[in-house]
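Next come the chains, spelled out residue by residue.
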Amino acid sequence: MFALGNKTIKMFTRLKQNRRLLILLALGALLLLCLLIAAALGAVSISALDIIKMTLNKTGLFDFSATWQPSAETILFQLRLPRVIAGALVGAALASAGVLFQGLLRNPMADPYIIGTSAGAAFGATIAMMLPISFAFLSFGLVSIAAFLGALGAVFLVYNLARVGGKTPIVSMLLAGFAVSAMLTAVMFFMVTRGGRPELLHNAFSFLMGSVSGTDWTQIAIIAPLIIGGIVVARFLAFRLNAFSLGEEGAAYLGINVEREKLIILSLGSLLTAAAVCISGLVGFVGLVVPHAVRLVLGPDHRLLLPAAALSGAAFIVLADLFARTVLAPSEIPIGILTAIIGAPFFIYLLRRTRREYAF
Amino acid sequence: MIILKHVSFSYNNTPVLHHIDLAVKKGEMVALLGPNGSGKTTLLKLVSGVLRPNWGEIHLDGSILSQIKRRKVAQCVAVVPQQFSMPFAFTLGEVVLLGRTPFHSLFSNDGEQDHRVVQQVIECIGIAALKERFFNELSGGERQKAILAMALAQEPKLLLLDEPTAHLDINHQVEILDLVKSLNREQWLTVIGAVHDLNLAALYFDRIILLKEGRIFDDGPPAEVLTEKAIEEVFSASVLVTEHPVTKAPHILITPKGYTG
């Protein structure tokens, strides 16, 4: 009986060691399920089995005979899959960026947009919308490119404004971020209202509320490596993010090169955010709430939190976008509205139920 | 172990330390005493390497401190601050595991060795039963022991204490200092601590450095340094110094102002 007890303990220990892997596998399976459901539903529904068969056929390794309409294949590969995958990428990028910013800034209101990325992106996009020219580079329009550059430019500005004597204190950065955001947003709204073109208002608002429609494969081929690569790098920084939860001083005592790591984490988070923004506009809420929700359920260890938030954020946006295009079909609800409407009640439920206490 | 040569430091042109010369040998237990603003904490930050001196040099085991990689320094020098604020719900075990950070490279994960050190340390400090409790739900004394455990998980040769017992009840103060003292005695752990309480310093530390306005006022064994005259001059407080009836360490008594009996 004693031997059995020992065995159980050993098994339990191993199970606990593999807990991280099991949770991530489960979340990965959940994401795949969401992708499948979202690809299946829409104005024309396609059976999940057909989707799997068509996708496997594309790999060239399988050759299932067609049990579907030829139009179904066009809808799946030209419209639905790019959109669903774009949603997953945006969700994963914003949720990971949220984890990075919350972990570094130790501020519960931190999200991917907190140090100016959103205002910079909106500012850049608005200028692009007002310009009388339009072109596409690698199938990205001028607006997307301007949003990407605007987001990174704003962070660069904020970081340098907050920098004093070789150090960039976190509080200065938050305040500089707030000031720069306020100014860029004000100028943007001035341009939109004084721009003289009625469609400008509409376009700017669409950008502010976000959408993953109209993404094509070329865009995904460029953005996917950026986002997935960014998340992989972020995962390597997880140990340092854990050290940062003791604050900058505490992290320094643990041998962290604080200013250098801060710059790396900020750049990575901003790059992920900018990549997401340039395919979707500003999708709010996911980058704030998904990291909090995952932390409440799985705990604050960034080694699990970061990949888990990325997978959950991806699944969340895929589902939100599914609702966005089906609830009031044929018209679409902006995805930013849905993320808040679905996400907020769920988050409040978690906040009230949880045992893990916050002490920001 | 650690040698300071002519070290000066200012925060934004406000001078804090002036020409400090100091050598601490392996196995010593040194208290830094002095009023608020005398430079105790700054001196500890310089020795831990998170601040760099404006002038002068600090040598750690023969190498210049500012030229050693931060990660390497943290494998040798650990700091116990007054307190840490912890925004996230880490368990005590997870907080102590943070002490293993300097031993990880980008690609390595915590392994058996790390968990063994954590287990050893929390058993040594007597907080193994609290391992799965949330750090933020622990009492002040338990939290401070956890932070001491985290510092010890760095397997340091030099332990720096920045008023580690300032917020604690007398029983926890004594417990923490007893622990540090036994590590000093049994494992030759070098300890430098900024201490507020003169009597605790006299009881637990073998060597006292009195700081006044960023300069070393006196340096030596408690009985020689902690005199009525020195305390009067450094702290501007008049005290009586007697002898602890058991340990024979100097014992400092204060009398309320205007006391007439």
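Nothing here was measured: the structure is a model prediction, and the numbers come from that model. (Residues numbered from 1 in each chain as written. Chains lettered and ligands numbered in written order. Predicted model: local features only at pLDDT ≥ 70, side-chain atom pairs only at ≥ 80, totals over all residues.)

1. Overview of the overall build of chain A
To keep things clear, this is the line we draw: Strands here mean DSSP runs of E at least two residues long; helices mean DSSP runs of H or I at least four residues long; both are numbered from the N terminus. With C-beta atoms placed from the backbone, a residue is buried if 20 or more other C-beta atoms are within 10 Å of its own, exposed if 12 or fewer are, and partly exposed between those counts. Two residues qualify as a contact pair if the distance between their C-beta atoms, derived from the backbone, is within 7 Å.
Helix and strand counts for chain A stand at 15 helices and two strands. Dimensions of chain A along its principal axes, counting C-alpha atoms only, are 75 × 65 × 40 Å. Counting all 360 residues of chain A, 46% fall into the buried class. Here the analysis covers contacts within chain A between residues at least 6 apart in sequence; of these, 78% occur between residues at least 24 apart.

2. Regarding the overall build of chain B
Threshold: Each radius of gyration is computed over the set of C-alpha atoms, and the globule rule expresses the reference value as 2.2 Å times the number of residues to the power 0.38.
The helix and strand inventory of chain B stands at nine helices and twelve strands. Compactness check: chain B gives a C-alpha radius of gyration of 19 Å against a globular reference of 18 Å for 261 residues, within 12% of the reference. Reported as C-alpha extents along the three principal axes, the dimensions of chain B are approximately 65 × 45 × 35 Å. For chain B, the proportion of its 261 residues judged to be buried stands at 41%. Long-range contacts, defined as pairs at least 24 residues apart, comprise 66% of the intrachain contacts of chain B with a sequence gap of at least 6.

3. Focus: the environment of Val 195 of chain B
For Val 195 of chain B, the position within the fold is in the loop between strand E8 (190-194) and helix H7 (198-204). Once residues lying within four places of it in the same chain are set aside, the contact partners of Val 195 of chain B are Ala 31, Leu 33, Glu 163, Leu 200 and Ala 201 of chain B.

4. Details of the interface of chain B and chain A
In this assembly, 24 residues from chain B lie in contact with 23 residues from chain A. For the side of chain B that touches chain A, the element with the highest residue contribution is helix H2 (residues 70-74) of chain B, accounting for four residues.

5. A short note on the domain arrangement of chain B
All names here are of chain B. Heads up, the condition is: As annotated, the domain borders come from an automatic or database domain assignment.
Partitioning chain B into structural domains gives domain 1 (1-76 + 156-236) and domain 2 (88-154). Computed over C-alpha atoms, the centres of domain 1 and domain 2 are 24 Å apart. Residue-level contacts link twelve residues of domain 1 with ten residues of domain 2. For the side of domain 1 that touches domain 2, the elements supplying multiple residues, two or more each, are H2 and helix H6 (170-187). Per-element tally for the side of domain 1 that touches domain 2: the top contributor is H6, with three residues.

6. A look at the confidence of the model for chain B
The cut-off we apply is this: The predictor attaches a confidence to each residue, and that confidence, scored 0 to 100, is pLDDT.
Overall, the prediction assigns chain B a mean pLDDT of 91, with 100% of residues at 70 or greater. Predicted complex, confidence summary: ipTM 0.91, pTM 0.89.

7. A word on the packing of helix H2 (residues 19-40) of chain A against helix H14 (residues 302-326) of chain A
Residue and element names in this part refer to chain A. Rule in force here: Axis definition: a line fitted to C-alpha atoms, limited for helices to the stretch in contact. Angles are taken between N-to-C directions and run from 0 to 180 degrees. Relative orientations are named as follows: roughly parallel for angles under 35 degrees, roughly antiparallel for angles over 145 degrees, roughly perpendicular for angles from 65 to 115 degrees, and oblique for any other angle. Throughout, a crossing is termed right-handed when the near helix is turned clockwise from the far one, and left-handed when it is turned anticlockwise from it by less than a right angle. Think of it as three bins: nonpolar holds Ala, Val, Leu, Ile, Met, Phe, Trp, Tyr, Cys and Pro, charged holds Asp, Glu, Lys and Arg, and polar takes everything else, Gly as well.
Two numbers describe how H2 lies on H14: the axes approach to 9 Å, and their chain directions differ by 15°. Regarding the angle of H2 to H14, the classification is roughly parallel. The hand of the H2/H14 crossing is left-handed. Between H2 and H14, the residues in contact are Arg 20, Ile 23, Leu 24, Leu 27, Gly 28, Leu 30, Leu 31, Cys 34, Leu 35, Ile 37 and Ala 38 and Arg 303, Leu 304, Pro 307, Ala 308, Leu 311, Ser 312, Ala 314, Ala 315, Val 318, Leu 319, Asp 321 and Leu 322, respectively. Here the residues of the contact of H2 with H14 are counted per class, giving 18 nonpolar, two polar and three charged.

8. Digging into the nonpolar core
Heads up, the condition is: One nonpolar core equals one set of buried Ala, Val, Leu, Ile, Met, Phe, Trp, Tyr and Cys residues connected by C-beta atoms within 7 Å.
By size, the foremost hydrophobic cluster in this structure holds 187 residues, and its most contacted members are Ala 88, Val 90, Ala 93 and Val 318 of chain A together with Leu 33, Val 96 and Ala 149 of chain B. The element contributing the most residues to this core is helix H4 (residues 70-105) of chain A, with 18 residues. Here this core gathers at least three residues from each of two domains, domain 1 (1-76 + 156-236) and domain 2 (88-154) of chain B. Leaving out residues up to four positions away in the same chain, Ala 93 of chain A has contacts with Ile 227, Gly 230, Leu 272, Thr 273, Ala 275 and Ala 276 of chain A.

9. Some thoughts on the confidence of the model for chain A
In the predicted model, chain A carries a mean pLDDT of 86, and 93% of its residues have values of at least 70. For chain A, per-element mean pLDDT is lowest for helix H1 (residues 2-17) of chain A, which scores 52, and highest for H14 of chain A, which scores 94.

10. Things to note about the pairing of strand E7 (residues 158-162) of chain B
Remark: a regular strand shows side chains that alternate across the two faces of the sheet. All names here are of chain B. Applied cut-off: Two strands qualify as a pair provided that DSSP identifies no fewer than 2 bridges between them.
Most of E7 sits inside the fold, with five of its five residues counted as buried. Residue alternation in E7 divides its side chains into two sets, Leu 158, Leu 160 and Asp 162 and Leu 159 and Leu 161, and both sets are buried. Note that strand E6 (residues 77-80) and E7 share four bridges and pair parallel. Paired with Ala 78 across the strands is Leu 159, a residue of E7. Sheet topology note: the E7/E8 ladder contains five bridges and is parallel.

11. Remarks on the packing of helix H4 (residues 112-125) of chain B against helix H5 (residues 140-153) of chain B
Residue and element names in this part refer to chain B. Direction vectors running N to C along H4 and H5 enclose 140°, while the axes themselves pass 9 Å from each other. Of the possible angle classes, the one that applies to H4 and H5 is oblique. Note on packing geometry: the crossing formed by H4 with H5 is right-handed. Residues Val 117, Val 118, Val 121, Ile 122 and Ile 125 of H4 form the contact with H5, whose own contacting residues are Lys 145, Leu 148, Ala 149, Leu 152 and Ala 153.

12. What to know about helix H13 (residues 286-298) of chain A
All names here are of chain A. Put simply, the rule is: By this rule, a helix spans an expected 1.5 Å times one less than how many residues it contains.
With 13 residues, H13 should cover 18 Å at 1.5 Å per step; its first-to-last C-alpha distance of 17 Å lies within 8% of that length. Packing partners of the buried residues in H13 comprise H4, H14 and helix H15 (335-353). Trailing H13 by a residue or two, Gly 299 shows a phi angle of about 95°, which is positive.

13. A short note on the pairing of strand E4 (residues 55-60) of chain B
Residues and elements named next belong to chain B. Relative to E4, strand E1 (residues 2-11) is paired through five bridges, and the arrangement is antiparallel. Looking at the pairing, Ile 2 lines up with Leu 60 of E4. Relative to strand E5 (residues 63-64), E4 runs antiparallel, the two being bridged by two bridges. Looking across to E5, one finds that Leu 60 is bridged to Ser 63.

14. Remarks on the sheet that holds E4 of chain B
Ordered by their spatial adjacency, four strands build an open sheet running E2-E1-E4-E5 (chain B), and the pairing between neighbours is antiparallel. The sheet is open, and its two edges are formed by strand E2 (14-24) and E5 of chain B, each paired on a single side.

15. Comments concerning the sheet that holds E6 of chain B
Residues and elements named next belong to chain B. What the six strands build is an open sheet, ordered E6-E7-E8-E3-E9-E10; its pairing is mixed. Of all strands in the sheet, those bounded by a partner on one side alone are E6 and strand E10 (215-220). Taken over all neighbouring pairs, the strand axes of this sheet differ in orientation by 15° on average, direction set aside. Pairing analysis gives five bridges linking strand E9 (residues 207-212) to E10, with the strands arranged antiparallel. Each bridged residue has a counterpart across the sheet, and for Leu 210 the counterpart in E10 is Asp 218. Where H5 meets the sheet, its contacts fall on E6 and E7, and the angle it forms with E6 comes to roughly 175°.

16. Quick look at unusual backbone geometry
Of note in this structure, Arg 106 of chain A is not a glycine but carries a positive phi near 50°. Inspection of the secondary structure puts Arg 106 of chain A in the loop between H4 and helix H5 (117-130). Taking the C-beta count within 10 Å as the criterion, Arg 106 of chain A has 19 such neighbours and is therefore assigned partly exposed. Positive phi, normally seen in glycine, also occurs at His 19 of chain B, with a value near 45°. A tally of 14 C-beta atoms within 10 Å means that His 19 of chain B is categorised as partly exposed.

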